[in-house]
There are 2 protein chains.
Amino acid sequence: MRIATLQMQSISGDVQANLARIERAAAEATRGGAELLVAPELCVTGYGAGEAIPALAETANGIGIRGLRDISSTAGIAVVAGFAERDGADIYNSAAFINRDAVPVIYRKSHLFGAYERSLFKPAKPGNCIIDMGGLKLGLLICYDVEFPENVRRLAMAGVDAVLVPTALPAGPSGTFIASHMIQTRAFENQVFVAYVNHAGADERFTFAGQSRVAAPDGSLIAVCTDDQEHLMFADIDPAAFAASIAGNPYLKDLGSA
Amino acid sequence: MRIATLQMQSISGDVQANLARIERAAAEATRGGAELLVAPELCVTGYGAGEAIPALAETANGIGIRGLRDISSTAGIAVVAGFAERDGADIYNSAAFINRDAVPVIYRKSHLFGAYERSLFKPAKPGNCIIDMGGLKLGLLICYDVEFPENVRRLAMAGVDAVLVPTALPAGPSGTFIASHMIQTRAFENQVFVAYVNHAGADERFTFAGQSRVAAPDGSLIAVCTDDQEHLMFADIDPAAFAASIAGNPYLKDLGSA
């Protein structure tokens, strides 16, 4: 299955502008043969929208999700995108998997990073959100979640082939390390694909690392942004192409009672 | 605390030759100000000694351990080295921490790799082996053990500052990935030091990757062999020098119920 990843410049608080950007990418992704487009964490509202987020937080019937469903149906492609999700008085940092008219599948981030996120969102209990698509099992995580090996392991033990990770990775030494070493390690140590999709540029509050990438089971990068600009990339999620690595690095089988 | 690591060419089945090599390194390490020398997995017997290993497997009173105790006492340095350990009918792939006249501390590998190791050794139940030395807590793992994030996490949650890993990493694509990305990730995701000490060159059965290295909590390499030749390296294990990284990447605190 071919996926597309959108390293995206979001506009804080401007849902319509962000939907329009995703819509253009969805059309381009479809033209490139992709069946699924992955966009960054909170890209519907902008990651740094801050005090605007409570008012923009929405249910699965809100304008952001409805907009994504229209985009998915029009372009004929599934879309994963981060949004602020309202559930009564609670707001979650969530990602929606939207496939045309199907009921949206929503994952809520379990591991919030730092004071900014904790001031806005409620953390979800860690748990698996797994989608069957095109003969593959796709798992969802968001940003800081993937930095914990436990979260990726849990999905891998449940049989996922690929983990899709909308993120908002800031520029700086830790961000550089995570992009340069940790994402590939998560793929290799579980023998799965990891698609890690970051924001481009900066918003009012944050400067992002860019460096979106898709790592394969053997730890190689099958798509990579080397800068922090906007990029649409394509990657083929084909476990059979990495059968030798999967057979030769049997971590899940050898894990035992560690 | 300064440590030294010996990327070592072992001679399969020749315990006296291997002890002599460690003895030279211990003297050089002491001259360089190190308080601890780390040598590779099964370096006392040679990793590839194969059918010779059962006869060379020994208890803590065997010639290898007695030789290491003499080396430690003479050079005035603690030594970690891999050996084949006999316990009745069972043989373990073990590493001994030897500090002069103190009772040796012995760690048994829990995660055996491949048919070669499984034909020779019994796997131990995963568990923590932690040594207090110079105000630091040092944990022991062996080779494949460190490739499982669960093993390093367990030691980190128990408070270790550094994980010492005698290894026998083969040359090849997986070995290159592990050396280039995974060791640093284990350090960063737990905010600990990881000293990963491999064999040099080749023996009758295996060609090794070399590439021994010491990773710091921020994921940087504070010592690295870039080839597969013999090298003695030095690294200072000083958590205070990485206090900003440890405070800024609070994975253990944020792990919660993941």
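Parameters at a glance
Residues numbered from 1 in each chain as written. Chains lettered and ligands numbered in written order. Predicted model: local features only at pLDDT ≥ 70, side-chain atom pairs only at ≥ 80, totals over all residues. Heavy atoms only, no water. Least-squares fit on C-alpha atoms with pLDDT ≥ 70 in both. Contact = heavy atoms within 4.5 Å. Phe/Tyr/Trp six-rings, centres within 6.5 Å; stacked < 30°, edge-to-face > 60°. Helix = DSSP H or I, 4+ residues; strand = E, 2+ residues; numbered from the N terminus. Buried < 20%, exposed > 50% of the residue type's maximum accessible area, 1.4 Å probe, protein only. Lys NZ or Arg CZ within 6 Å of the ring centre and 35° of its normal.

Draft legend 1. The arrangement of the relation of the copies chain B and chain A in detail. With an RMSD of 0.0 Å, chain B superimposes on chain A once it is rotated by 180° and translated 0.0 Å along the axis. Put plainly, the chains are arranged around a two-fold axis. Scanning chain B for the C-alpha nearest the rotation axis identifies H181(B), at a separation of 2.5 Å. Counting the interface residues of chain B, we find that 100% of their copies in chain A are interface residues as well, pointing to one common contact surface.

Draft legend 2. Here's a closer look at the packing of aromatic side chains. For the structure on display, the rule yields 24 aromatic pairs over all chains. On the basis of an interplanar angle of 75° and a centroid distance of 4.8 Å, the ring pair of F113(A) and Y144(A) is categorised as edge-to-face. Of the two residues, F113(A) is situated in the loop between β5 (105-108) and α4 (114-120) and Y144(A) in the loop between β7 (136-140) and α5 (149-157); the sequence distance between them amounts to 31 residues. On the basis of relative accessible area, Y144(A) is assigned to the buried category, the value being 1%. Both rings, one in Y47(B) and one in F208(B), keep their centres 6.0 Å apart while their planes meet at 80°; by these two values the pair is edge-to-face. Here F208(B) lies in the loop between β9 (193-197) and β10 (213-215) and Y47(B) lies in the loop between β2 (36-38) and α2 (53-56), a separation of 161 residues in the sequence. By relative accessible area, Y47(B) is classed as buried at 5%. F208(B) sits in the buried class, given a relative accessible area of 3%. Taken together through their ring pairs, the aromatic side chains of F113(A), Y144(A), F148(A), F177(A), F188(B) and Y251(B) make up a single cluster. When the ring centre of Y92(A) is taken as origin, the NZ or CZ atom of R108(A), which lies over that ring, is 4.0 Å away.

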